[in-house]
Amino acid sequence: MCVYIETKRLILREIEDSDLDGIFELDSNPLVHKYLGNKPIKNIAEAEKIIQFIQKQYIERGVGRLVAIEKATGEFIGWSGLKLNTGIEEELNGKQDFYDIGYRLIPKFWGKGYATESSIKMLKYGFNKLNIDTIIGAAEVENIASNSVLQKIGLQFKNKFTYENTPCNWYELNKEDYAKTMS
């Protein structure tokens, strides 16, 4: 696969074993997991499993989340990108086999527009390079920042659903509507 994408301020690339400390800092932070079921990881071994899981997705599904590196500092700031959810995983909003866009950043990088910047680039990559027909986004209703990013990048609200007893919003953008916004 070997994906390397640049935005104005970020480098988005495939996750590597050397990203272990960054993944641990990201996914062990309770603030990061506030709207992700409140299940931060507790040790390096769990961070290793996350890296292996994403690397396996690259091989088996041809797509997976990409590490985000701040160009100005070279710092690991989190990840952004696309993921193919298949029937192997549980359904979400009654659906299987869909591409979703996501982002997860270390808190000191929140509020800088990085989630929006990287997601705009990932939509372009998904529609133009991977030829995906529809990309979805989902966020807990109370996660105002994430809902705002999904709306800012052009995804359209479709419905509310419940996941693990938590109300969530479902958004979609199809290739045709994306092309209209780009012209």
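First, a word on scope: everything that follows refers to the structure included in this document.

1. Re helix α2 (residues 44-61)
Reasoning step 1: Taking 1.5 Å per residue as the helical rise, α2 with its 18 residues ought to reach 26 Å, and the 25 Å between its terminal C-alpha atoms agrees with that figure.
Reasoning step 2: Along α2, the residues that are buried comprise A47, I51, I54, Q57, Y58 and R61. All buried residues of α2 fall inside an arc of 130° around its axis, so they share one side. With respect to the buried face of α2, the exposed residues turned more than 90 degrees away are K49, Q52, I59 and E60.
Reasoning step 3: Where α2 is buried, its residues contact β2 (10-14), α1 (20-27), β3 (65-70) and β4 (76-85).

2. Quick look at the nonpolar core
Reasoning step 1: In this structure, L82, I101, M122, L123, L150 and L155 are the most contacted members of the largest nonpolar core, which totals 46 residues.
Reasoning step 2: In terms of residues, this core owes the most to one element, helix α3 (residues 114-129), which gives 6 residues.
Reasoning step 3: Each residue touching L150, except ones within four places of it in the same chain, is listed here: I101, Y103, G137, A138, A139, L155 and Y171.
Reasoning step 4: Listed in part, the 6 residues of the second largest apolar core include L92, F98, I136 and W170.

Cut-offs and rules
- Residues numbered from 1 in each chain as written.
- Predicted model: local features only at pLDDT ≥ 70, side-chain atom pairs only at ≥ 80, totals over all residues.
- Heavy atoms only, no water.
- Helix = DSSP H or I, 4+ residues; strand = E, 2+ residues; numbered from the N terminus.
- Expected span 1.5 Å × (residues − 1).
- Buried < 20%, exposed > 50% of the residue type's maximum accessible area, 1.4 Å probe, protein only.
- Arc of directions from axis to C-beta.
- Contact = heavy atoms within 4.5 Å.
- Core = buried A, V, L, I, M, F, W, Y, C linked by side-chain atoms within 4.5 Å.

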